[in-house]
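# Residue-level structural notes
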Amino acid sequence: QKEVEQDPGPLSVPEGAIVSLNCTYSNSAFQYFMWYRQYSRKGPELLMYTYSSGNKEDGRFTAQVDKSSKYISLFIRDSQPSDSATYLCAMSANAGNMLTFGGGTRLMVKP
Amino acid sequence: NAGVTQTPKFQVLKTGQSMTLQCAQDMNHNSMYWYRQDPGMGLRLIYYSASEGTTDKGEVPNGYNVSRLNKREFSLRLESAAPSQTSVYFCASSEMAALAYEQYFGPGTRLTVT
């Protein structure tokens with residue numbers, strides 16, 4: 001079993017929808033939680049990171065961490081076709097540790 | 001600023017051939033990383049360099065070697081390529097090892113080994 005699991009999708013939604021992307025993990029030592037966005041044939045780019053539990057908001061994006069359930073989420077409000085990409089979650093136990101990535105969820109936002 | 005650059009963008013090798021993937025960053029970052037990305041597997045760390053002059057193995061180092069040439073450049077070498085090394089390779093950097101959660105990635109090298 002992988003340490004970090006993500007549904008590969010694809011997840012197809014209409015423009016303007018609220019999108020929920022999720023990851024589950026098994027290592028209770030993880031404390032740093034990241035979301036990276038990867039456009040087709042490009043390198044990943046960091047969207048947001050969260051330390052420990054709680055919510056963090058940045059524009060249309062909200063990251064949520066529930067350590068008790070070992071579950072993290074990324075919500076995208078008012079989704080746009082330009083949000084169509086693969087979203088990778090990543091985690092680490094400490095700020096300087098190696099990152100453990102999920103396999104990514106492919107999102108398609110239809111106009 | 002170009003950020004992180006990688007060469008080549010594409011490469012086809014025959015089994016047993018060798019090659020070096022080049023990576024350079026212009027952000028004055030101390031730490032650099034090499035990953036491979038396979039369908040459904042996410043990104044897996046091959047090697048990393050916490051600072052100039054140091055390198056360490058990651059999750060999947062077998063079949064690879066690295067050189068931290070200077071602060072800017074970090075190369076990945078395949079000595080004897082195998083079909084299992086067909087993958088997309090990404091180089092990344094972070095300001096320092098203690099900020100490993102904030103990594104900046106290059107555009108990738110698509111390698112096929114036949």
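So, here's what we can say about the structure. (Residues numbered from 1 in each chain as written. Chains lettered and ligands numbered in written order. Predicted model: local features only at pLDDT ≥ 70, side-chain atom pairs only at ≥ 80, totals over all residues. Heavy atoms only, no water.)

## A short note on the packing of aromatic side chains
In this description, an aromatic ring pair is defined by two values, namely the gap between the centres and the angle between the planes. To be explicit about the condition: Aromatic pairing here means that ring centres of Phe, Tyr or Trp (its six-membered ring) are within 6.5 Å. Orientation follows from the plane angle: under 30 degrees is stacked, over 60 is edge-to-face, and everything else is tilted. Under the scheme used here, helices are H or I runs from DSSP no shorter than 4 residues and strands are E runs no shorter than 2 residues, and both carry numbers assigned from the N terminus. When accessible area is computed with a 1.4 Å probe and restricted to protein chains, residues below 20% of their type maximum are described as buried, those above 50% as exposed, and intermediate ones as partly exposed.
Enumeration over the complete set of coordinates arrives at 14 aromatic pairs over all chains. Ring geometry for Y36 of chain A against F101 of chain A: centres 5.7 Å apart, planes inclined by 50°, an arrangement best described as tilted. Here Y36 of chain A, found in strand β4 (residues 32-38), pairs with F101 of chain A, found in strand β10 (residues 100-101); they are 65 residues apart in sequence, far enough to count as distant. Of the two residues, Y36 of chain A and F101 of chain A, neither departs from the other in class, the shared state being buried. Pairing Y36 of chain A with F105 of chain B gives two aromatic rings, centres 5.6 Å apart and planes at 85°, and the pair type is edge-to-face. Residue Y36 of chain A is found in strand β4, and its partner F105 of chain B is found in strand β10 (residues 104-105); the two belong to separate chains.

## What to know about the sheet that holds strand β7 (residues 64-68) of chain B
Residues and elements named next belong to chain B. We count it as follows: Between any two strands, pairing holds if DSSP finds at least two bridges. Only the stretch in contact is used when fitting a helix axis, every axis being a line fitted to C-alpha atoms; angles between N-to-C directions are given from 0 to 180 degrees.
The sheet built from four strands is open, its strands ordered β1-β3-β8-β7 with antiparallel pairing. Looking at the sheet topology across the chains shown, the edges are occupied by β1 (4-7) and β7. Here the strands of the sheet are splayed against their neighbours by 20° on average, with no regard to which way each runs. Bridge count for β1 against strand β3 (residues 19-25) is four bridges, and the pairing is antiparallel. Looking at β3, one finds that T5 is bridged to A24.

## A closer look at the interface of chain B and chain A
Keep this limit in mind: Note on definitions: a residue-residue contact is assigned when non-hydrogen atoms from the two residues lie within 4.5 Å. By buried area we mean the combined loss of accessible area, with a 1.4 Å probe, across both parts when two parts are placed together. Within this document, salt bridges are pairs made up of a side-chain nitrogen of Lys or Arg and a carboxyl oxygen of Asp or Glu, the two lying within 4 Å of each other. In protein, a polar contact means a hydrogen-donor-capable atom and an acceptor-capable atom, both N or O and within 3.5 Å, with residues adjacent in sequence counting only if both atoms are side-chain atoms; elsewhere, any N or O pair within 3.5 Å suffices. Only Asp, Glu, Lys and Arg are considered charged in this grouping, and only Ala, Val, Leu, Ile, Met, Phe, Trp, Tyr, Cys and Pro are considered nonpolar; every other residue, Gly among them, is considered polar.
Residue-level contacts link 22 residues of chain B with 20 residues of chain A. Carbon and sulfur atoms supply 60% of the area that chain B and chain A bury against each other, a total of about 1,600 Å² over both sides. On the chain B side of the contact with chain A, L43, Y101 and F105 of chain B bury the most area, a combined 37% of that side's loss. Our enumeration of links across chain B and chain A arrives at zero salt bridges. Here chain B and chain A share three residue pairs in polar contact (both at pLDDT 80 or more) between them. When residues of the side of chain B that touches chain A are traced back to their parent elements, those giving at least two are β4 (31-38) and β5 (42-49) of chain B. The element contributing the most residues to the side of chain B that touches chain A is β5 of chain B, with four residues. Residues belonging to the side of chain B that touches chain A are distributed by class as follows: 14 nonpolar, six polar and two charged.

## With respect to the side chain of T62 of chain A
Residues and elements named next belong to chain A. Following the sequence through the fold, T62 ends up in strand β7 (residues 61-66). For T62, a relative accessible area of 11% gives the class buried. Side-chain polar atoms of T62 contact the side chain of R77, separated by 3.0 Å. Excluding residues that lie within four positions of it along the chain, T62 makes contacts with M48, K56, E57, S73, L74, F75 and R77.

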